[in-house]
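# A look at the structure
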Amino acid sequence: METMIEEKKTKPRVDMREQPPLVRARNFLEVPYGYTPDEAVEEASRCLSCKNGPCRQGCPVEVDIPAFIALIKERKFLDACYKVKERNALPAVCGRVCPQEVQCEARCLMGKKGKSVAIGNLERFVADYEADHGDMKIPELPKPTGRKAAVIGSGPGGLTCAVDLAKAGHQVTLFEALHKPGGVLIYGIPEFRLPKAIVEREVEYIRKLGVELVLNAVIGKLHTIDELLDGDGYDACFICIGAGLPMFLGIPGENLNGVCSANEFLTRANLMKAYLFPEYDTPIKRGRRVAVLGGGNVAMDAARVALRLGAEKVYLIYRRSEAEMPARKAEVHHAHEEGIEFMLLTNPTRFIDDGKGNVCAVECIKMELGEPDESGRRKPVPVKGSEFQVEIDVAIPALGTRANPLLTKTMPDLTVNRSGYIAAEEGTGMTSKKGVFAGGDIVTGSATVILAMGAGRRAANGINDYLKWKYWEFKA
Ligand code: FAD
Ligand code: SF4
């Protein structure tokens, strides 16, 4: 056994082939090509099939990772995909955007001495294999329970909850404010990281499970939650509306023409297809010299989209050092390769007007790292007298988002915290309002796709229990 482990540890990890950086920096096609079947089998053969599967404990939706990798080794690719789908309805999405390096792959035993098994790449491979071979298996559903549930918001959390409730036999309606389902997966994460056809296919699976999708339905405006529960006969609601309200810097000049939040910029590029110019004539700020302000995934996406829309120069301005950047390491690496210029330990202080109401430069100040702050990261402190200006024609603040109060302000009996996030029990998603559950970014603040999915799963379990309890109470 020891020799087998040692042998496997010396086998190199199979990396995915990618489009060359300077080519992909000017197109919206996906960056990695994905594994061939032989590459997938070769990578799967590095897995030790550990008895307790420590990798599985690192997965918020508990995919049976050793089992699906074992099926790849046997070249049973469709069965491997069905195995993943037992626990995760969005494998093609998660295989692409989940931070595996801090979740399942961080726990992989192979990672102790060498490189962990590429679990994310393998998950992506089996999901794509299923798509290419046109065999979408729909599980058999139980007898209808006669219970109705409404899910508000069709991001990864809402989609997961809807699937689990449908699989439990409930009648599920998914209400979405936008004209397309998918949440951030469709309007935020760009095509070159997550092709929209993939999200659409995963949504199709959810439709085939019998979930009714109602689009262009802003809950809080079109219907209130009370109307759904009392008038429309829903027995329970799951609120999973994300945290999509952009934050700004609050510095002079932020309302000049050419300053646009990353949220709006990415929505115009992705959801409104500005990247398909001239087929779609969507108005969007296409700058020659663009400054993106921030250091998370959203900033990285905005910078790389600006480059692909034709910018000659894209600066990424971040007040801390690269080690503190919250973005995924792989995305930072890709941005460097594509030629984004990182201006680290730099903070914008004001935007400068060209005299006609347009931004023409950003003034910045140099920063140095001081003592750790409450987040444990070293606090950036301005260096006196180090101000300088950078000529730009577009600025994109990507400083994070917060809760949108549009729905919650119509629910006075719902407890929200000081920042407007909904208070919900961690294990079940239950809120202060009877029959109303919540999860995802609207409870935790901006987090990740898989954490929203985990919350959707726990809320579906909570709703199942609640519906049984409600039914028993009714019978009594
Ligand atoms: P969302 O995905 O935000 O979906 C909420 C949905 O609810 C939206 O469709 C919205 O239109 C709808 N809605 C809102 N209000 C209403 C209403 N009143 N009525 C009806 N519908 C409503 N995470 C990762 O794991 N990996 C990444 O690489 C990554 N990259 C990201 C890149 C960007 C640009 C952004 C913005 C986020 C990224 N994230 C990433 C974070 C991740 O996408 C989110 O944490 C996740 O999508 C949250 O899921 P959710 O279901 O809670 O909400
Ligand atoms: Fe395979 Fe790593 Fe999971 Fe062990 S921990 S079963 S090696 S993926």
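About the thresholds
Residues numbered from 1 in each chain as written. Chains lettered and ligands numbered in written order. Predicted model: local features only at pLDDT ≥ 70, side-chain atom pairs only at ≥ 80, totals over all residues. Heavy atoms only, no water. Pairing = 2+ DSSP bridges. Helix = DSSP H or I, 4+ residues; strand = E, 2+ residues; numbered from the N terminus. Axes fitted to C-alpha atoms, helices over the stretch in contact; angles between N-to-C directions. Contact = heavy atoms within 4.5 Å. Core = buried A, V, L, I, M, F, W, Y, C linked by side-chain atoms within 4.5 Å. Buried < 20%, exposed > 50% of the residue type's maximum accessible area, 1.4 Å probe, protein only. Salt bridge = Lys/Arg side-chain N within 4 Å of Asp/Glu carboxyl O. Near = heavy atom within 4 Å. Polar contact = N/O pair within 3.5 Å; in protein donor to acceptor, adjacent residues only side chain to side chain. Areas by Shrake-Rupley, 256 points an atom, 1.4 Å probe, with all protein chains shown as cover. Nonpolar A, V, L, I, M, F, W, Y, C, P; charged D, E, K, R; others polar. Expected span 1.5 Å × (residues − 1).

### Things to note about the sheet that holds strand 3 (residues 212–214)
Paired through their backbone hydrogen bonds, the strands of a sheet run either parallel or antiparallel. The five strands lie next to each other as 3-2-1-4-15, forming an open sheet whose pairing is parallel. Sheet topology places strand 3 and strand 15 (436–438) at the edges, where each strand pairs with a single neighbour. Taking each pair of neighbouring strands and ignoring which way they run, the sheet shows an average axis angle of 20°. Each of strand 1 (148–152), strand 2 (171–175) and strand 4 (236–239) is contacted by helix 11 (residues 156–167), which is oriented at about 165° to strand 2, the strand it contacts most.

### A short note on the nonpolar core
It is characteristic of soluble globular proteins that their nonpolar side chains tend to be buried jointly. Ranked by internal contacts, the top residues of the largest apolar core, which has 75 residues, are Ile65, Phe68, Ile69, Ile72 and Leu122. With eight residues, the top contributor of residues to this core is helix 19 (residues 449–475). For Ile72, the contacting residues outside a window of four places in its chain are Ala40, Val41, Ala44, Phe77, Ala80, Leu122 and Val126. Of all hydrophobic cores here, the second largest spans 35 residues; its members include Val31, Leu307, Phe342 and Ile396.

### Section: the pattern of salt bridges
A full pass over the atoms with the stated rule returns 36 salt bridges. The closest approach of N and O atoms between Arg75 and Asp38, which form a salt bridge, is 2.8 Å. In this pair, Arg75 sits in the loop between helix 5 (65–73) and helix 6 (77–85) while Asp38 sits in helix 3 (residues 37–44), placing the two residues 37 residues apart along the sequence. Under the relative-accessibility criterion, Arg75 is labelled partly exposed at 43%. Classification of Asp38 as exposed rests on a relative accessible area of 52%.

### Considering the sheet that holds strand 6 (residues 289–293)
The strand order across the open sheet formed by four strands is 8-7-6-13, and the pairing between neighbours is parallel. The two strands at the open ends of the sheet, each matched to only one other strand, are strand 8 (341–343) and strand 13 (394–397). Ignoring strand direction, the axes of neighbouring strands in this sheet form an average angle of 20°. In this structure, strand 6 lies alongside strand 7 (residues 313–317), joined through five bridges in parallel fashion. From the neighbouring strand, Val292 faces strand 7, where its bridge partner is Leu316. The sheet strands contacting helix 16 (residues 297–308) are strand 6, strand 7, strand 8 and strand 13, and the helix crosses strand 7 at an angle near 170°.

### Brief notes about unusual backbone geometry
Residue Pro278 is reached from Phe277 by a cis peptide bond, and omega for that bond is 5°. Relative to the assigned elements, Pro278 resides in the loop between helix 15 (262–270) and strand 6. In this structure, Ser49 is a non-glycine residue whose phi angle is positive, near 50°. Here Ser49 falls in the partly exposed class, since its relative accessible area comes to 37%. Positive phi is not limited to glycine here, since Asn216 has a value of about 55°. With respect to the helices and strands, Asn216 occurs in the loop between strand 3 and helix 14 (225–231). Asn216 gets classed as exposed once you look at its relative accessible area, which sits at 52%.

### Quick look at the site of ligand 1
Around ligand 1, 33 residues are found, and the nearest of them are Val97, Glu176, Arg193, Ile219 and Asp441. Taking Pro156, its main chain carries an N or O atom lying 3.4 Å from an oxygen atom of ligand 1. Residue Val449 places a main-chain N or O atom 2.9 Å away from an oxygen atom belonging to ligand 1. For ligand 1, the accessible surface in isolation is 1,000 Å², of which the surrounding protein chains cover 93%. Among the elements that line the shell around ligand 1, the one with the most residues is helix 16, at three residues. In terms of residue class, the shell around ligand 1 is built from 19 nonpolar, 10 polar and four charged.

### Observations concerning the site of ligand 2
As a matter of local geometry, ligand 2 sits amid Cys47, Leu48, Cys50, Pro54, Cys55, Pro66, Cys108, Leu109, Met110, Val117 and Ile119. Classifying every residue of the shell around ligand 2 by side-chain character gives 11 nonpolar, no polar and no charged.

### Observations concerning helix 16
Given a rise of 1.5 Å per residue, 12 residues ought to cover 16 Å, and the 17 Å separating the end C-alpha atoms of helix 16 matches this to within 8%. By the criterion of burial, helix 16 is predominantly enclosed, with 10 of the 12 residues buried. Within the sequence span of helix 16, burial applies to Ala299, Met300, Asp301, Ala302, Ala303, Arg304, Val305, Ala306, Leu307 and Arg308.

### Details of the pairing of strand 11 (residues 378–382)
Within a regular strand, side chains alternate between the sheet's two faces. Bridging between strand 10 (residues 359–372) and strand 11 involves four bridges; their strand directions are antiparallel. Looking at the pairing, Pro372 lines up with Arg378 of strand 11.

### Quick look at the environment of Thr349
You can see Thr349 is positioned in strand 9 (residues 346–353). The exposure class assigned to Thr349 is partly exposed, which follows from its relative accessible area of 27%. Taking the C-alpha atoms as reference points, Thr349 and Leu249, 100 residues apart in sequence, are found 8.8 Å from one another.

### Regarding the side chain of Arg457
Structurally, Arg457 is set in helix 19. Under the relative-accessibility criterion, Arg457 is labelled buried at 11%. Of the polar contacts made by the side chain of Arg457, one reaches the side chain of Asp164; its length is 2.8 Å. Leave out the neighbours within four places in its chain, and Arg457 touches Val61, Arg87, Asn88, Thr160 and Asp164.

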